[in-house]
Each structure stands twice: as C-alpha cells, then as structure tokens.
Amino acid sequence: MSFNRICVILIAVLCLFGAVSGIHAQELSALNGMSISAQWFLSYLNGESDGSAYNYFTMKRGYLNFKKQISAHLSTRITPDVSVDGEGDGRGDIEMRIKYCYLRYKFNDVSILTQPSIEFGVAHRPWIDFEQNINPYRVQGTLFLERAGIVSSADFGVTAFSLLGGEIDQAYQDNVNSAYPGRYGSLSFGIYNGGGYHAIEENRNKTLESRITLRPLPDFIPGLQFSYHGIYGKGNTALAPDWEMNSLFLSMEHRIFTTTATWFNSLGNGKGSWINDNNQSVRMTGYSLFADVYTPVTNLSVFARHDHVESVDTAVDDTRNRWISGIAYHLPGGSKILVNFDHYKRNAVVTKTECVAEIAIELKY
C-alpha cells in the first residue's frame, strides 16, 4: 500500500475518532471541526517554445483543502493536487496526487517561541509557502527557487515551525499581510526524503532544510524582513550527488507595494540533475527581483519579476534568464484575474527560448 493511501486512511481514522470522543451524543458529526477550501488556477496561453507555437486553455493547478481540528492541539490536513498531465501515455489527462497529508501538533508558547508546532507526513517544507504568502502570483507560475529546479514546496518528512516574539500588531495583519505574523519573525526547519511530494525516494539519504526570518523593526518598518534559507543533503537519484544550498531573501511589504530580492548559491539540486559528466554536482548561483504595486481604489496591481541563474563551474556553460511582467485585478477572498508576459532564455550547449502571453484566473474560496 502506498504512503499516500496510508496517510489518507490514518487521517480518516483520526478524524472519526476526534469527532466521536468527548462530544455529546447529540453533537456527533464527522464534520465537527472540519473546514473545506479550494484554490484553482485556470489559464489561456499563447506562445512559442524553441520555434514551436502553441495556443491552448488549461487548468494549471487545483487544490482542495480538507482540514480537521481534532483537539485544541491536534489537527490534520489533506490536500489533493489536481493538474493536467503533460507527459507520457496519459498526456492531457487530468490527474490527482496528494500534496499535503499531515498531522499537526501545536505546542504552548515557550519563551520567545510563539505558536510552535510540528507537522508529520507529507508536510510543508520551510521555504515555498513562506514566499508564496509574500509574492501572491503563484497562478502565473512557480516561484524562483522552485522554478529553477532547486526545491519543492512539500515533501515526506517532519517540519517544526514557530513565530518569534509574539505577533505583529493587528492593523498590519489586517491591512498588509496576516501570514507568518511573528513580531520579530519566524523560523522553520525539518528533515525530508528530499525529492519532493511528487517524487519517489531514490536513495537512503535524508535532507535537512531550514529557514529563519527576522523582522528587525516591527514598530517602525513592520514590513521589512530578512530571511536565510539553507539545505543540506543529496540529490534524489541512486547516485545521490551532493546538495548544499544557501539563500538570502529580503522582503519589504506595504499596503500598496511589495518588493523582494533573492540570492542563492547551490551545489547540486534536489532532483540530482545538476551534475557533470563525472556525475559530480555542479555549482549554480543566481538572483531574483520582484516588485508589485497595488492601487486599492481600482483593485489593480502591476507586477514584474526577473530571474537569473548561471553556472559557477566554468566547464559548464549554463545561463538562464526569465522576465515576467503583468497586470492583475484582485477579487474578494484572494481570487484574481491577470494578464502577463513571460520570456525565458537559456544559453547552454543548446540555446532554448520561450515566450508566452497568458490570461490566468485564480479562484480561491
């Protein structure tokens, strides 16, 4: 029996137990403490990749979130991930896999650690969810480190998380961002298979990953945060090439604008694909710049992003650049409609280019 199925059965049993135990007979219901939400990315793309034109409608991603509060400290989550298969015999089929399936235990506060918790199962990894709550345009495509092929958003393993020093004031949470609202920042670390929730474990190695975020001036510049993100492990292949990554992230959030800057240096990657002819990991470095300007009166925002990745090992000539720009109309509850342009060019042994115009809709409820 697969791990995903075991997790689903385990969560179902615990949800049933939590609904029955300690509740009066007249209140018996499997839905007590249950919340359901959804997020869908629908898109029309018109573009060209290496000289081949394409033009189609698609569903880029779809998530259904089932969350169950079993007790004051224990909760669960199952999130099926629905997407269109782009490869193999099933190309074009709509397929489903489990993105999140975990038990979450929330501890009492300890000193400066606020709302500390642990997730076990197919859990959040420390980085991607954090950045996606600052850069809200996942509907356009994956964010920098994931798109570069370095790390994924979830994996089989254990994640610990905590806010630092209580919570930032409620006005900031209401008007700017309520995600990861630690007054002085937050931290997260964990141990994982390493290949991501969509990959089979190909070796016996486990990957260590961490993030620490500091908000140095919560009373004067509450939107300013500095983050460090580190990974140590092996690439997810039978050869298990080295994988060591360090990244720095600067973010500034305000009611009407958001800016971020990312830098990374990585020996190898999670997939184990950044290797040379001798099957040794190669070093890559890069940066990403993002800006978003929002006008509350019109609910419109204009955003732009530039990603740059290049090889450090001169024997491996590999340079990748991506330029993204667009305009979005924001709907209630986090839904949005956007028009964007995405241009990508890779100079390696064979030059690859792609240019696409897109109309995308994010439905969130």
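The present account deals with the structure reproduced in this document.

Quick notes on the rules
- Residues numbered from 1 in each chain as written.
- Predicted model: local features only at pLDDT ≥ 70, side-chain atom pairs only at ≥ 80, totals over all residues.
- Heavy atoms only, no water.
- Buried < 20%, exposed > 50% of the residue type's maximum accessible area, 1.4 Å probe, protein only.
- Helix = DSSP H or I, 4+ residues; strand = E, 2+ residues; numbered from the N terminus.
- Pairing = 2+ DSSP bridges.
- Phe/Tyr/Trp six-rings, centres within 6.5 Å; stacked < 30°, edge-to-face > 60°.
- Lys NZ or Arg CZ within 6 Å of the ring centre and 35° of its normal.

### Describing the pairing of strand β10 (residues 242–253)
Only one face of β10 is buried: it carries Trp243, Met245, Ser247, Phe249, Ser251 and Glu253, and the other face, with Asp242, Glu244, Asn246, Leu248, Leu250 and Met252, is open. One ladder, built from eleven bridges, connects strand β9 (residues 224–234) with β10; its direction is antiparallel. If you follow histidine 229 over to β10, its bridge partner there is serine 247. Strand direction decides the pairing type here: β10 and strand β11 (residues 257–267), joined by ten bridges, are antiparallel. Its bridge partner being in β11, glutamate 244 is matched across the sheet by leucine 267. Counting the residues in the hairpin turn of β10 and β11 gives three residues.

### Some thoughts on unusual backbone geometry
Phi at alanine 240 takes a positive value of approximately 50°, unusual for a residue other than glycine. With respect to the helices and strands, alanine 240 occurs in the loop between β9 and β10. Backbone geometry places asparagine 299, a non-glycine residue, at a positive phi of 65°. The residue asparagine 299 is located in the loop between β12 (283–295) and β13 (300–311) in this model.

### Let's talk about the pairing of β11
By the bridge criterion, eleven bridges tie β11 to β12 in an arrangement that is antiparallel. Considered in β12, the bridge of threonine 260 is made with phenylalanine 290.

### Let's talk about the packing of aromatic side chains
Overall, the coordinates contain 13 aromatic pairs when judged by the stated rule. A centroid spacing of 6.3 Å and a plane angle of 80° characterise the contact between tyrosine 100 and tyrosine 102, whose relative ring orientation is edge-to-face. Each member of the pair, tyrosine 100 as well as tyrosine 102, is classed as buried. Three or more aromatic residues link up through ring pairs in this structure, and these residues are Trp127, Phe130, Phe161, Tyr180 and Phe249. Note that arginine 125 overlies the ring of tyrosine 192, its terminal NZ or CZ placed 5.2 Å from the centroid. Above the ring of phenylalanine 130, the side-chain terminus of arginine 211 is found at 4.3 Å from the ring centroid.

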